[in-house]
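So you can see what is in the structure, the chains are spelled out below.
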2 protein chains.
Amino acid sequence: MRLVVIGGVAAGLSAASRARRLDRSLEIVVLEKTPHISYGACGLPYFIQGQVRSLDQLRVYTPEYFARERNIQVRTEAEVAAISHARREVALPRGERIHYDKLVIATGARRDFKRIRGADQPHVFKLDTWSDAERLEAFLKAKKPRRAVIAGAGYIGLEAAEALRAQGLEVILYEAGADVLGRSDPWLTKIVARHLERCRVTLRLNSAVTELPACDLAIVACGLKPNIDLAADAGIELGRSGAIRTSDHMETSFSGVFAAGDCSETMHLVSGSPGWFPLGTTANKAGRVAGACAAGARERFAGVVGTSIVRVCGLGVATTGLSEQQARQSGFDPVSVSIEALDRARYFHGRATEVRLTADRRTGRLLGGAVIGEHGVEGRVNVVATALHQRLPVEDFAQLDLAYAPPFSTVHDPLLVAAHELLKLLH
Amino acid sequence: MRLVVIGGVAAGLSAASRARRLDRSLEIVVLEKTPHISYGACGLPYFIQGQVRSLDQLRVYTPEYFARERNIQVRTEAEVAAISHARREVALPRGERIHYDKLVIATGARRDFKRIRGADQPHVFKLDTWSDAERLEAFLKAKKPRRAVIAGAGYIGLEAAEALRAQGLEVILYEAGADVLGRSDPWLTKIVARHLERCRVTLRLNSAVTELPACDLAIVACGLKPNIDLAADAGIELGRSGAIRTSDHMETSFSGVFAAGDCSETMHLVSGSPGWFPLGTTANKAGRVAGACAAGARERFAGVVGTSIVRVCGLGVATTGLSEQQARQSGFDPVSVSIEALDRARYFHGRATEVRLTADRRTGRLLGGAVIGEHGVEGRVNVVATALHQRLPVEDFAQLDLAYAPPFSTVHDPLLVAAHELLKLLH
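Cut-offs and rules
Residues numbered from 1 in each chain as written. Chains lettered and ligands numbered in written order. Predicted model: local features only at pLDDT ≥ 70, side-chain atom pairs only at ≥ 80, totals over all residues. Heavy atoms only, no water. Helix = DSSP H or I, 4+ residues; strand = E, 2+ residues; numbered from the N terminus. Rg over C-alpha atoms; globule rule 2.2 N^0.38 Å. Buried < 20%, exposed > 50% of the residue type's maximum accessible area, 1.4 Å probe, protein only. Areas by Shrake-Rupley, 256 points an atom, 1.4 Å probe, with all protein chains shown as cover. Lys, Arg positive; Asp, Glu negative; His and termini not counted. Charge placed at Lys NZ, Arg CZ, Asp CG, Glu CD. Pairing = 2+ DSSP bridges. Axes fitted to C-alpha atoms, helices over the stretch in contact; angles between N-to-C directions. Least-squares fit on C-alpha atoms with pLDDT ≥ 70 in both. Contact = heavy atoms within 4.5 Å. Domains from an automatic or database assignment. Buried area = accessible area lost by both parts, 1.4 Å probe. Salt bridge = Lys/Arg side-chain N within 4 Å of Asp/Glu carboxyl O. Polar contact = N/O pair within 3.5 Å; in protein donor to acceptor, adjacent residues only side chain to side chain. Nonpolar A, V, L, I, M, F, W, Y, C, P; charged D, E, K, R; others polar.

**Comments concerning the overall build of chain A**
Right, on to step 1. Each helix and strand in chain A was counted, giving 12 helices and 22 strands.
Right, on to step 2. By the compact-globule yardstick of 22 Å for 427 residues, chain A fits well, its C-alpha radius of gyration being 22 Å.
Right, on to step 3. Dimensions of chain A along its principal axes, counting C-alpha atoms only, are 65 × 50 × 40 Å.
Right, on to step 4. Residues counted as buried form 59% of the 427 residues belonging to chain A.
Right, on to step 5. Approximately 17200 Å² of chain A is accessible, and the part contributed by carbon and sulfur atoms is 46%.
Right, on to step 6. Distance between charge centres in chain A, computed from 54 positive and 47 negative side chains, equals 1 Å.

**Description of unusual backbone geometry**
Right, on to step 1. Residues other than glycine seldom take positive phi values, yet Leu181(A) does so here, at roughly 60°.
Right, on to step 2. Along the chain, Leu181(A) falls in the loop between β11 (170-174) and α6 (186-198).
Right, on to step 3. Even without a glycine there, the phi angle at Met250(B) is positive, about 65°.

**So, the sheet that holds strand β2 (residues 27-31) of chain A**
Residues and elements named next belong to chain A.
Right, on to step 1. Read from one edge of the open sheet, 5 strands run β3-β2-β1-β7-β15, paired in parallel fashion. With one partner strand each, in any of the chains shown, β3 (73-75) and β15 (257-259) form the two edges of the open sheet. Direction aside, the axes of adjacent strands within the sheet are offset by 15° on average.
Right, on to step 2. Looking at chain direction, β2 and β3 are connected through 3 bridges and run parallel. The partner of leucine 31 across the bridge, within β3, is arginine 75.

**Let's talk about the relation of the copies chain B and chain A**
Right, on to step 1. You can overlay chain B on chain A at an RMSD of 0.0 Å; the transform is a turn of 180° with a shift of 0.0 Å along its axis. Such a turn and shift between the copies fits a two-fold axis. The C-alpha atom lying nearest the rotation axis in chain B is that of Gly379(B); the distance is 1.8 Å.
Right, on to step 2. Of the interface residues in chain B, 98% have counterparts in chain A that sit at the interface too, so the contact is made through matching surfaces.

**As for the domain arrangement of chain A**
Residue and element names in this part refer to chain A.
Right, on to step 1. Domain annotation for chain A reports domain 1 (2-38 + 57-109 + 225-294), domain 2 (124-222) and domain 3 (314-426).
Right, on to step 2. Taken over C-alpha atoms, the centre of domain 2 sits 28 Å from the centre of domain 3.
Right, on to step 3. Summed over both sides, the interface of domain 2 with domain 3 buries roughly 1200 Å², with 59% coming from carbon and sulfur.
Right, on to step 4. Remark: the boundary between domain 2 and domain 3 carries 2 salt bridges.
Right, on to step 5. One salt bridge connects arginine 356 with aspartate 185, and the closest N-O pair in it is separated by 3.9 Å.

**Comments concerning the interface of chain B and chain A**
Right, on to step 1. At the junction of the two partners, chain B supplies 59 residues and chain A supplies 58 residues.
Right, on to step 2. Where chain B abuts chain A, roughly 5000 Å² becomes buried across the two surfaces, and 61% of that area is made up of carbon and sulfur atoms.
Right, on to step 3. Connecting chain B to chain A are 0 salt bridges.
Right, on to step 4. Counting across the chain B and chain A interface gives 22 residue pairs in polar contact (both at pLDDT 80 or more).
Right, on to step 5. Take the side of chain B that touches chain A: its biggest share by element is 9 residues, from helix α10 (residues 377-389) of chain B.
Right, on to step 6. Considered class by class, the residues forming the side of chain B that touches chain A number 29 nonpolar, 21 polar and 9 charged.

Next comes the structure, spelled out in structure tokens:
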């Protein structure tokens, strides 16, 4: 029995490792098209910023480690050209064919540059892969650019903005949509925009970049697409989001073929619909389940609640679940509150933190939340995320037994203050 | 209609304020035996430590504020001597009687000094009230004590140890039981003991203080008891813990008489049994419900999961739910794991954090957890607490969609690493 995994970063290697743990006799081959596997891609902006001194600090495991410790064969620079499921084969460019019994597709995502005229120039970069970061860093050192343009105010665009500001560049950040972070949340966008202004990043909303503006350096952080050509060409079904559709065992429409990570859909546990949520944490979880099921186990990946966090010029910005607009689009009757409160006791340098919670008027169920601040943001959004996993009503949320001591929080935690405000609107 | 509230700190003032919000016409009288109301008692150790510069910084509201803004009459130095429920009256020492239609008892807790010989000396202090802190601080300034003894390694004892070490005193901390924080958790006790040793606090476990050892200063932080004499003398039923028994509307065995805060029991949502959990956050929540129900609403206080956090010489120590020993005593078949992992990416100064999770072998349900570390401790314990509120199985807990970006966490959050380890023992 041979398991072939296409893709050697988060989802692919999680799948391979999990399969090995469950089946010691399986032959496992991972095919990675780039020279680099198993690195912390989320750290790339911090390499550009100077927080990570060398890209090697982001490397987690080497192909040799996988061979020696996990009996997993990892081949780099091995791009798969086609999948032939009838023959249970993947084809490599030079005519090599590799048979599989089980297949995991973890081909990730890619940037679609085509819509931007001028994006083929040498001062235009992405910030998605090891090589992207390597090239960008070399360019920064060699050319000392002063004026940067970033296209896309998703998390990569915002992290790139922080990184380039830290390196002293002028930054103009263009976003095609009306909101940052693709969240449809004017409240959040307003706070982030205000903060960016303070940090002297120019944010231009509703400004799709179709032609590259004059600048010394550009980063394309928009147009992310699931990498599905290989799967689609093989006849594997896609979902409505355009990513590969899977069951909760991460199995595709082809029996024995699994998909995980940024190329595939994930169930959103609040909206109840599958969608495309390309994040490393999700890739690891889904990959793990794909690997387990490829090895014959019957594990499930229930889905996500849509949690994300990003640091924007020092400010923590975290969201989970649905924004009010997203909730309305998902058929709920949403109501929201926003509050500002101290994140800790004042005498422990407590600073303002902003919390927004959204609930469904009909059922009283919590639907989403956002937390913005300097301290404790990740912990608070995780509490909301945990509640969302279990469809907690706001009434119960307001009574959560959260930890309090002055160095850590306030006696009325900002989350509970927001929940009580929300309750007033629900009754 | 008149509501009388006995006690003017956390539970009492929460009750009074909530009753006022629901009923604008109610007459509300709060009787507080000390000269001080509405202050952050949890901040008192930090006043001793020097982090809080003046006790006034801990004051939240004044009696004048309550009179003016909430139409609530707060009388200080008004100790209630007796409750006569047959006459719906409380008696004050000088013969004054005050009629009530509804009564909220929020008499708090007190230290029982009686068992300690020598505790009546002038260098022996508590650290529970405004006056305690005032006296202790004056003593520290005037006498410059060098060798301190603390009796009791609960959170007050541990906070007092940090405060006195910060002031340069030698500290010996005595604990009657085998564990710190009353948690029956040898794992936790070992880590805290090791840390105290590093901070040069001498911890003596299994060492009840029956006679005060030689020292320049002693703090009694053991023997906390619910203040129930007034209620018990009136004939109000107590629970098995010795605190006042209530319904989930916080009503006592006397109709129209409510109790909340450190004098009363609270349901423990994991063990399923009521117990005594004297904490400010719980007091506020229970007080709120007591006030609402006293004003005629039918709100419920579901209970707590037993969350607490304390800073021990710079280290965050947080627990929630049941420890393994507590779980066994509650009739579960517990199994636990302990892991150590980075709390953030290494290049963001990630430090080791320790996580322990306990689950029930029969049902796979998560029963409790502890988190110890320098960063993110409160957020992680709150995630466990939120899961406990909803009886989450470990299998679901392991798939929680927690926020990740390198400045905030690691891609495999320590909580999820622990959950996966625990799953291995459950299957």
